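Below are the chains, spelled out letter by letter.
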Amino acid sequence: MLRYIKLYWHFFKLRVQIMMEYRLDFIIGILSVLFIQGAGLFFVNIVFKQIQTIRGWSFDEVVFIYAVACCGRAIHHIFFDSLWVFGRDYIRNGGFDRMLVRPAPAFFQLIAERVQQDGVGQLLIGIWLLSYAAPTIGVEWTFVSMTVLIILILSSSMVFIGIHVFTCSLSFWMTDSMPVQWSVHEMSDFARYPLVIYNRVIQSLMTWIIPYGFTAFYPAAYFLRPETYLKMGWITPIIGFGCCLIGAYVWRKGVRNFTGTGS
Amino acid sequence: MVKKYLMLAKSSIHLDIAYPAWYWSHLIVTFSKLVLMVSFWSAVFDGKQLINGWDLSSLITYTVLSMLLNEYVNGASWELSNLIRTGQISVELLRPYDLHFRLMAQDVGATISNMMRTAVPLVLFMAFVYHLQFPVTILAGILFLWTVMVAIVLGNLIDLIIGTMAFWLENMWGLRVFKAALFLFFNGALIPLNMFPDWLQYLCMWTPFPSLVYTPVGIFTGRIVGEPMWIACFIQLLWVVVIFIVLRLVWRVALRKVTVFGG
Amino acid sequence: MIDVRNVRKVYERIEKTPGLWGAVKSLFVQRRKTFVAVEHLNFQIQQGEMVAYIGANGAGKSTTIKLLCGILTPTEGEVLINGIDPSQKRIQNAKQIGAVFGQRTQLLWDLPVRESFELLKHIYEVEASSFGEMYDLCVHVLQLEALLNVPVRQLSLGQKMRCELAAAFLHSPSIVYLDEPTIGLDVSVKARIRTFIREMNRVHRTTVILTSHDMQDIEELCQRVILIDQGKIMYDGSIDQLKKEYGQERIVEFHMESSVEWRQPERFGSFVTVKHADSEDVGHTVSVGFDPTIWSASEIISEVLKTNKVNDLKVLEGSIETIVRAIYERNGGG
């Protein structure tokens, strides 16, 4: 374990060096993410100029949900970005072969090879939004509740990661699963608003089929409406673990399919 | 002369059809975004009759049309930047056609093909489920079609300027993301521009972005009528000319860089 | 030591039916087709041997290499690399092997070469002292001093390949797989790379498995050749023996005007093979194949020139392809 932390650190240092090679790109990347998140918030802000609540949820509460989503997806965005190009850059042109002749787990190498700086901007916005929204929603921020918040945010990113590893692993069978990854990932936008604004079909889809609901709405609602969403908050870490387990299972199956083991 | 570009446009229609996985994922993503926004606005209205002069039905019509149109006001920046990055550009410059017109012809071809296969079915489906409105007058309908065509050309020209930046930037991802966010926000695809605060509306007026989406869809939904309608059409054409000149200027500076540094 | 016993690898492919209807159908019914990549593979390679593994494209070369690396698992049979089954203990096996796979790079595109080497040290957990020794040797023999601080993207093909080779040897692997390490390189770089491989083999007793289309690579480096065709080993033995058995035919090509008639020298009799071909740019081409133990090329040429008016001529060397073809023909088309 320690070996892999050290090794990751070496990869990481090189990534930072590469980023500094392309300083202009680095700045544009960060700015663009800041701008996108800012625009999304501004949109919500404009809408809330016209109304007080949306299905009973206030502006500050929506911002809080938004903030949880931002933090959760930022962690996924920063550290798991290479999943996107796995099919194109590793399966299609044989880059995956190279990983298999090196003495480290292929998944570790894949993850270590990229760090996406754009996600840093997202994480900063998320933290800033949390610090704005958290004091306004009437929760007492003790050590315990802070810890719970951090655990729920980590669970949120685990949902993102697990689902993405699942769709990414499909590349083992279909060469490049990027279209699938993309269409599934875009569904996560639903989770940025209170799920109650959607009809039943979408709500259950986002809860039980593609559980992006647990990336933002349920963890946030655990604090905002504990009377209704206590259970959903508690099962968030379980869903996060479950997603990662399923993702890992499909990945392993994919590798076995690739190397021709079993089947 | 024109026939050459027509053939190129046709060839990219075939190319567009050749990737079914991307087609389906694009369809799914676009559809789910439409559902998300329609659900969002429905929840915002929640029994209210008018918000900022909009009723729910015309706002939904606006949202569906503007989000779809936003998908098509892009261009060939991806291909152009790839040509530049790989050095293929020097070969392209020797070919007997104008590179900008060639890229535009191809992109317009792909756009038309994709519109037929994605936007038209989606509009019909949404019209059936959510009872979209018809254009307010026959004239508005005709002008809508005209301004959509101009908007696609304008979007193409702006995108080519973005693509040209590959002469200076190594990694185009950030810039492209930034452009997408800028478009989405300022062209009125996310929210009708007349809901913006006054200062922002004023700021937008000095950019080409409203011409891309807000002008056509505003005309369709009867937000822009009478004299301002004709002015908006004129401004749109003016932007085409201005952006075209800017593109050629930027291009010339960039090419000087190629001849100096040898690509 | 590499020990391959009765290995067989079968791929299963899903057959794609073209068109939209085919795509819809394939959602429900998938037609699978099996395809034998290699079978009855049996060979042992001792530590320190340098072996050429040759065959036409698609003959099963890269499948075999992948089986040895642990990238593929054999359908039947057993592969042991120094007693380790690479498909079962891939990571353990990876520590003792190095590989250069044609154009797939080990190096980090945007960074100086030095950084890639440094990273490899950590990936392979090499001790600083032994790494330093190997590093110095590689840099010295491959003449990399001037390249170490250059970003990989600025290197020429030959420079990059020299760095790739160093990257494959840096962790002192006991076995190195080299897939076309000299393809597309100029003569001096090829010579440099061969010197390096020989040096590594001499100093560290590194086992080298080489696939190459370059006959000279093989002749200069390898004592032993394994030849594979259509997934089966057709020959395993010394290179001299291979040439004696299969590669003895040499060819001289004569280019003539299309209007001129070929007059066969009487001395040729039936001891040489003569083939005719016409093409627009060189006119009429006559290829005379002969056994170099009986004839010399100069004899053939002077005989032909006595009776024919020739514009140009070319003496062809025996290449891997001609040997492969000869074996293929002798075995009655596999």
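Use the structure listed above.
Per chain, residues are indexed from 1 in the order of the written sequence. Going through the entries in the order they are written, you letter the chains from A and number the ligands from 1. The model is predicted, so local features are restricted to residues of pLDDT at least 70 and side-chain atom pairs to those at 80 or more, both for listing and for counting; the totals for chains, interfaces and linings are taken over all residues. Calculated side-chain values reflect all of the structure's heavy atoms, with hydrogen atoms and water omitted.

Q: I keep staring at the overall build of chain B and nothing clicks. Help me out?
A: Every helix listed is a DSSP run of H or I at least four residues long, and every strand listed is a run of E at least two residues long, numbered separately from the N terminus. The secondary structure content of chain B amounts to 12 helices and 0 strands. In chain B, the order of α-helices and β-strands from amino to carboxyl end is α-α-α-α-α-α-α-α-α-α-α-α. Each principal axis of the C-alpha atoms in chain B carries an extent, and together these give about 65 × 40 × 35 Å. Burial statistics for chain B: of 263 residues in total, 54% are counted as buried. The long-range share in chain B, meaning contacts at least 24 apart out of those at least 6 apart in sequence, stands at 79%. Across chain B, the mean location of the 16 positive side-chain charges is 10 Å away from that of the 12 negative side-chain charges. Each residue gets one of three labels from its accessible area relative to the maximum for its type: buried under 20%, exposed over 50%, partly exposed in between, using a 1.4 Å probe on protein chains only. Residue contacts are counted whenever heavy atoms from the two residues lie within 4.5 Å of one another. Only four residue types enter the tally: Lys and Arg on the positive side, Asp and Glu on the negative side; His and the chain ends are excluded. Taken as the charge location is NZ of Lys, CZ of Arg, CG of Asp or CD of Glu.

Q: What is the right way to read the overall build of chain C from this model?
A: Across its full length, chain C carries 11 helices and 13 strands. Across the 334 residues in chain C, those meeting the buried criterion constitute 47%. Nonlocal contacts in chain C, meaning residues at least 24 apart in sequence, comprise 72% of its contacts between residues at least 6 apart. The Shrake-Rupley method, run with a 1.4 Å probe, gives the accessible areas here. Residue values count only the displayed protein chains as cover. For chain C, the exposed surface amounts to about 16,700 Å²; the carbon and sulfur share of it is 50%.

Q: Got a minute to help me understand unusual backbone geometry in this structure?
A: Trans peptide bonds make up most of the peptide bonds, and negative phi angles are found at most residues other than glycine. You will see that His 131 of chain B, though not glycine, has its phi angle at about 55 degrees, which is positive. Within the fold, His 131 of chain B resides in the loop between helix H6 (99-130) and helix H7 (138-164). For His 131 of chain B, a relative accessible area of 58% puts it in the exposed group. Its identity as a non-glycine residue notwithstanding, Asn 6 of chain C has a phi of 50 degrees, on the positive side. Assignment of secondary structure puts Asn 6 of chain C in strand E1 (residues 2-15).

Q: Looking at this structure, how should I read the sheet that holds strand E11 (residues 273-279) of chain C?
A: Residue and element names in this part refer to chain C. Two strands are said to pair when DSSP picks up at least two bridges between them. On the basis of which strands lie adjacent, the open sheet formed by 4 strands has the order E11-E12-E10-E13 and antiparallel pairing. The open sheet has two edge strands with one neighbour each: E11 and strand E13 (312-316). When the angles between neighbouring strand axes are averaged without regard to direction, this sheet yields 20 degrees. One ladder, built from 5 bridges, connects strand E10 (residues 250-256) with E13; its direction is antiparallel. Its bridge partner being in E13, Glu 253 is matched across the sheet by Lys 314. Most of the contacts of helix H10 (residues 297-307) go to E10, to which it runs at about 25 degrees, and overall it touches E10, strand E12 (283-290) and E13. Axis lines are fitted to C-alpha atoms, over the contacting stretch for helices. Their N-to-C directions set the angle, which ranges from 0 to 180 degrees.

Q: When you look at the environment of Gln 116 of chain A in this model, what are you seeing that I'm missing?
A: All names here are of chain A. With respect to the helices, strands and loops of the structure, Gln 116 is situated in the loop between helix H6 (106-112) and helix H7 (118-133). Judged by its relative accessible area of 10%, Gln 116 falls in the buried class. Counting along the chain gives 84 residues from Gln 116 to Arg 200, while the straight-line C-alpha distance between them is 36 Å. If we ignore the near neighbours within four places in the chain, the residues touching Gln 116 are His 77, Ile 78 and Asp 81.

Q: Looking at this structure, how should I read the interface of chain A and chain B?
A: As a measure of interface size, the accessible area lost when the parts come together is often cited. Across the contact, 30 residues belong to chain A and 41 residues belong to chain B. Summed over both partners, buried area is the accessible surface (1.4 Å probe) that two parts give up on being assembled. Interface area, chain A with chain B, both sides summed: about 3,300 Å², of which 81% is carbon and sulfur. On the chain A side of the contact with chain B, Phe 35, Phe 43 and Trp 182 of chain A bury the most area, a combined 18% of that side's loss. A pairing counts as a salt bridge when a side-chain nitrogen of Lys or Arg comes within 4 Å of a carboxyl oxygen of Asp or Glu. Scanning the region where chain A abuts chain B turns up 2 salt bridges. Between Arg 55 of chain A and Asp 46 of chain B there is a salt bridge, with its nearest N and O atoms 3.2 Å apart. Between N or O atoms, a polar contact is any pair within 3.5 Å; within protein, one atom must be a potential hydrogen donor and the other a potential acceptor, and residues adjacent in sequence are included only when both atoms are from side chains. Linking chain A with chain B are 2 residue pairs in polar contact (both at pLDDT 80 or more). Of all the elements in the fold, those that place two or more residues in the side of chain A that touches chain B are helix H2 (23-50) and helix H10 (178-186) of chain A. Counting residues per element, the side of chain A that touches chain B draws most heavily on H2 of chain A, which supplies 13 residues. Think of it as three bins: nonpolar holds Ala, Val, Leu, Ile, Met, Phe, Trp, Tyr, Cys and Pro, charged holds Asp, Glu, Lys and Arg, and polar takes everything else, Gly as well. In terms of residue class, the side of chain A that touches chain B is made up of 21 nonpolar, 4 polar and 5 charged.

Q: Mind showing me how you'd approach H10 of chain A here?
A: Because each turn of an α-helix spans 3.6 residues, side chains separated by three or four positions in sequence point in the same direction. Counting buried residues in H10 of chain A gives 7 out of 9 residues, a clear majority hidden from the surface. Turning to H10 of chain A, its buried residues number three or more, namely Met 178, Pro 179, Gln 181, Ser 183, Val 184, His 185 and Glu 186 of chain A. Packed against the buried residues of H10 of chain A are helix H3 (59-79), helix H4 (86-91), helix H8 (143-169) and helix H9 (171-174) of chain A together with helix H2 (20-45) of chain B.

Q: Quick question: what am I supposed to make of a nonpolar patch on the surface here?
A: A cluster of nonpolar side chains, namely Ile 231, Phe 234, Ile 235, Leu 238, Val 242 and Val 246 of chain B, defines an oily patch on the protein surface of about 490 Å² accessible area. In this fold, Ile 235 of chain B is placed in helix H12 (residues 227-261). Patches here: salt-bridge-free residues with over 30% relative accessible area, like charges joined within 9 Å, nonpolar side chains (Val, Leu, Ile, Met, Phe, Trp, Tyr) joined within 5 Å.

Q: Looking at this structure, how should I read the packing of helix H4 (residues 113-123) of chain C against helix H6 (residues 157-169) of chain C?
A: Two quantities define a packed helix pair, namely the angle between the helix axes and the distance between the axes. All names here are of chain C. Following both chains from N to C, one finds H4 and H6 inclined at 15 degrees, their axes separated by 10 Å at the closest point. Considering their axes alone, H4 and H6 lie roughly parallel with respect to each other. Crossing angle aside, the handedness with which H4 passes H6 is right-handed. Judged by residue contacts, Val 113, Phe 117 and Leu 120 of H4 engage Cys 163, Ala 166 and Ala 167 from H6. In terms of residue class, the contact of H4 with H6 is built from 6 nonpolar, no polar and no charged. These descriptions rest on fixed angle ranges, namely under 35 degrees for roughly parallel, over 145 for roughly antiparallel, 65 to 115 for roughly perpendicular, and the rest for oblique. The hand of a helix crossing depends on one turn: near helix anticlockwise from the far one by less than a right angle means left-handed, and clockwise means right-handed.

Q: Would you mind going over the side chain of Ser 81 of chain B with me for this structure?
A: Residue and element names in this part refer to chain B. Residue position: Ser 81 is located in helix H4 (residues 77-86). Here Arg 176 takes part through its side chain, which lies 3.1 Å from a polar atom of the side chain of Ser 81. For Ser 81, the residues in contact, after removing those within four places along its chain, are Gly 163, Ala 166, Met 172 and Arg 176.

Q: Help me out: how do you make sense of the pattern of salt bridges in this one?
A: Where charged atoms of side chains with opposite charge meet at close range, the side chains can pair. Tallied over the entire structure, the rule returns 31 salt bridges over all chains. Residues Lys 33 of chain B and Glu 186 of chain A are paired through a salt bridge, measuring 2.9 Å at the closest nitrogen-oxygen approach. Taken together, the residues span two chains, with Lys 33 of chain B in helix H2 and Glu 186 of chain A in helix H10. Of the residues examined, Lys 33 of chain B reaches a relative accessible area of 26% and is grouped as partly exposed. With a closest N to O distance of 2.9 Å, Glu 39 of chain C and Arg 8 of chain C form a salt bridge.

Q: Is there a simple way to explain the pairing of strand E9 (residues 232-238) of chain C in this structure?
A: The two faces of a sheet get side chains in turn, since along a regular strand they alternate between them. Of the strand pairs in this sheet, strand E8 (residues 224-229) of chain C and E9 of chain C are connected by 6 bridges, and their pairing is antiparallel. Bridge pairing in E9 of chain C places Asp 229 of chain C opposite Lys 232 of chain C.

Q: Can you help me understand the arrangement of the chains in this one?
A: Among the 2 pairs of chains in contact, the pair with the most contacts is chains A and B. Spatially, chain B is disjoint from chain C: no contact exists, and the shortest C-alpha separation is 9 Å.

Q: Would you explain the environment of Val 176 of chain C in this entry?
A: Residue and element names in this part refer to chain C. With respect to the secondary-structure elements, Val 176 resides in strand E6 (residues 175-179). For Val 176 and Cys 69, which are 107 residues apart along the polypeptide, the C-alpha to C-alpha distance reads 9.8 Å. Setting aside residues no more than four positions away along its own chain, Val 176 makes contact with Gly 98, Ala 168, Phe 169, Thr 206, Thr 207, Val 208 and Ile 209.

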